Amino acid sequence: QQARIGVTGLAVMGRNLARNLARHGHPVAVHNRTSAKTKALVEEFGDEGTFLPAETPEQFVASLERPRRLVIMVKAGGPTDAVIDEFAPLLEPGDMIVDGGNAHFADTRRREAALRERGVHFVGTGISGGEEGALNGPSIMPGGSAESYEALGPLLEDISAKVDGVPCATHVGPDGAGHFVKMVHNGIEYADMQLIAEAYDLLRYAAGLSPAEIAEVFRTWNTGRLESYLIEITAEVLAHTDAATGKPFVDVVLDQAEQKGTGRWTVQTALDLGVPVGGIAEAVFARSVSGHADLREASRNLPGPSRAKVEESGFADAVEQALYASKIVAYAQGFHEIQAGSAEYGWGIDPGAMATIWRGGCIIRARFLDKIREAYDADPGLPTLLRAEHFAEAVGAAQDAWRQVITTGVRLGIPTPGFSAALAYYDSLRADRLPAALTQGQRDFFGAHTYRRTDRDGSFHTLWGGDRTETGA
Ligand code: NBP
């Protein structure tokens, strides 16, 4: 018997993805550098479907039906290149290598171009949902050629999460498009998490609620427009009591957030593309600030305001509005980055389709994503999500509360980098005039960088060191 698809790299992700394929009736070849993991998988879960274990790359490749579909689920970076170098010589034109790891899209573009020369399709694929998603249905973001998607799409859609019967998998676009979209997905995830963290911080230290009380607030929010996986698990984490100390779990965890790098890539790439993603950037920086223990220790006694709690009722509702408005901004920034990347690399990404495949399986899955899909359905040329009717109305209605919540944070010395950056972005976009005009004047003064005028075409320079007449440049 031959396998319809093969998975090499059987750590948590690869093993669960292989089981997911087998459970859906697809005979799956399995291979791992250390073959003990291959044996363990078949011993433990062999009855879930048809597994074809292979000890060597040659055996593995020989067990795949043609054209071969080979999924790599190893540590991103050097290990991925090592595995490609090992398997590519064994493949034939028309075969497909799917990289399901968290690769940087630039690496995916490089690998795709190299393998295309040999006629092998390289399909950089974003897979979100962690180990649970890999087993029970992830959100899958495959790049690569349209031809490869014809052979892979049905399999990927079959094992993906489904929402309203619609698979959370679709062809994103050529070469690195899938990993690019997965990267931005993670950037949005960072922003979403930071905004939730700020909402918690305000409810705790401005309104004086306990973690258990805040868990209830989040549970209530999860029945409304904020309904999402992240809001749901936030309530769970906040309601959890530490067994060893009897204290709220959130109070015994060291307050230093870690990161693996996809949030940072989102911001670095946005800088390269010239896309303002301040909300996402502040989320990455907030983790970075939290990790600077020495800096924080040295700064601990710097003066701040006295922390009188807010008394006004309705504060939790105001925070909900600030959270919703800020979340809309984070998604608007992320989708702007996707559209800019798509334009830069000629990927032709359909933003509404991305919202659709993020509705299930992945960490940012949320009811809210339906609204994004609807917004792009209604107007595929939408310049920003903030202009979509639903979001414009929601932010407009929330803005007073949003401003009040940020003001409260400022007054009490509770940092709200995510909320504040989101509001600054919103206010910048809607501003009639920005002080960028002054910046241009300064640049022309010190560097003769020239400026454009509001009333005439062309570039101009003022003779600042001379008689200050204006010259056409
Ligand atoms: P890891 O990222 O921990 O990688 C372990 C796997 O890589 C093992 O199978 C290991 O083989 C193999 N490997 C390494 Br390390 N170096 C190798 C080499 N030079 N040649 C061949 N194989 C090598 O596994 P994971 O956590 O399952 O993640 C797999 C991929 O999925 C990663 O790219 C990750 O970023 C991505 N991802 C992970 C998650 C998640 O929630 N964990 C979510 C989404 C995406 P060995 O057994 O012989 O050491």
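The structure this text deals with has already been given above.
The residue numbers shown here count from 1 along each chain, following its written sequence. The predicted origin of the model limits local features to residues at a pLDDT of at least 70 and limits the giving and counting of side-chain atom pairs to 80 or more, whereas totals for whole chains, interfaces and linings rest on all residues. With hydrogens and water excluded, all non-hydrogen atoms of the structure serve as input to the side-chain values.

*Asks:* Go over unusual backbone geometry, please, and point to the residues and values.
*Replies:* Negative phi values dominate among residues other than glycine, just as trans dominates among peptide bonds. In this chain, Arg-66 is followed by Pro-67 through a cis amide linkage whose omega measures -10°. Here a helix means four or more residues in a row that DSSP labels H or I, a strand means two or more in a row labelled E, and each is numbered from the N terminus. You can see Pro-67 is positioned in the loop between α3 (57-62) and β4 (69-72). The residue Asp-175 is not glycine, and still its phi comes out positive at about 30°. Positionally, Asp-175 belongs in the loop between β9 (166-167) and α8 (177-205). Remark: exposure states derive from per-residue accessible area (1.4 Å probe, protein chains only) relative to the maximum for the residue type, with buried under 20%, exposed over 50%, and partly exposed in between. Residue classification places Asp-175 among the buried positions, given a relative accessible area of 12%.

*Asks:* Describe the packing of α8 against helix α19 (residues 417-430), and please don't skip the residues or the numbers.
*Replies:* In this analysis an axis means a line fitted to C-alpha atoms, helices contributing only their contacting stretch, and an angle means the value between N-to-C directions, from 0 to 180 degrees. For the pair α8 and α19, interaxial distance at closest approach is 8 Å and the crossing angle is 115°. Packed against α8, whose contacting residues are Gln-194, Leu-195, Glu-198, Ala-199 and Leu-202, the element α19 presents Pro-417, Gly-418 and Phe-419 at the interface. Under the grouping applied here, Gly and all other residues not named as nonpolar or charged are polar, the nonpolar ones being Ala, Val, Leu, Ile, Met, Phe, Trp, Tyr, Cys and Pro and the charged ones Asp, Glu, Lys and Arg. Grouping the amino acids of the contact of α8 with α19 by side-chain chemistry returns 5 nonpolar, 2 polar and 1 charged. Contacts are assigned to residue pairs that have any heavy atoms within 4.5 Å of one another.

*Asks:* Outline the site of the ligand, listing residues and values.
*Replies:* Neighbouring residues are identified by heavy atoms, a residue being near a molecule or strand if any of them is within 4 Å of it. Among the 20 residues in the neighbourhood of the ligand, the closest are listed as Met-13, Asn-32, Arg-33, Thr-34 and Lys-37. Contact between the ligand and Arg-33: an oxygen atom at 2.9 Å from a side-chain N or O atom of the residue. In this structure, Asn-102 approaches the ligand through a main-chain N or O atom, which is 3.1 Å from an oxygen atom. Per-residue and other accessible areas were derived by the Shrake-Rupley procedure at a 1.4 Å probe size, with only the shown protein chains allowed to occlude residues. Coverage of the ligand by the protein amounts to 76% of the 910 Å² it exposes when considered alone. Those elements that place two or more of their residues in the shell around the ligand are α1 (12-23) and α4 (78-87). Ranked by residues supplied to the shell around the ligand, first place goes to α4 with 3 residues. Among the residues making up the shell around the ligand, the classes are represented as 11 nonpolar, 6 polar and 3 charged. Residues adjacent in sequence count toward polar contacts only when both atoms are side-chain atoms; beyond that, a polar contact is any pair of N or O atoms within 3.5 Å, and within protein one must be able to donate a hydrogen and the other to accept it.

*Asks:* Report on the sheet that holds strand β12 (residues 470-472), specifying residues and quantitative values.
*Replies:* A pair of strands is treated as paired once DSSP finds two or more bridges between them. Strand order in this open sheet of 3 strands is β10-β11-β12, and the pairing throughout is antiparallel. Since the sheet does not close on itself, it has two edges, and those belong to β10 (451-452) and β12, each with one partner. Inspection of the sheet shows β10 paired to strand β11 (residues 459-462) by 2 bridges, in the antiparallel sense. Across the sheet, residue Tyr-451 finds its bridge partner in β11, namely Phe-460.

Any functional reading would require information that these geometric values do not contain.
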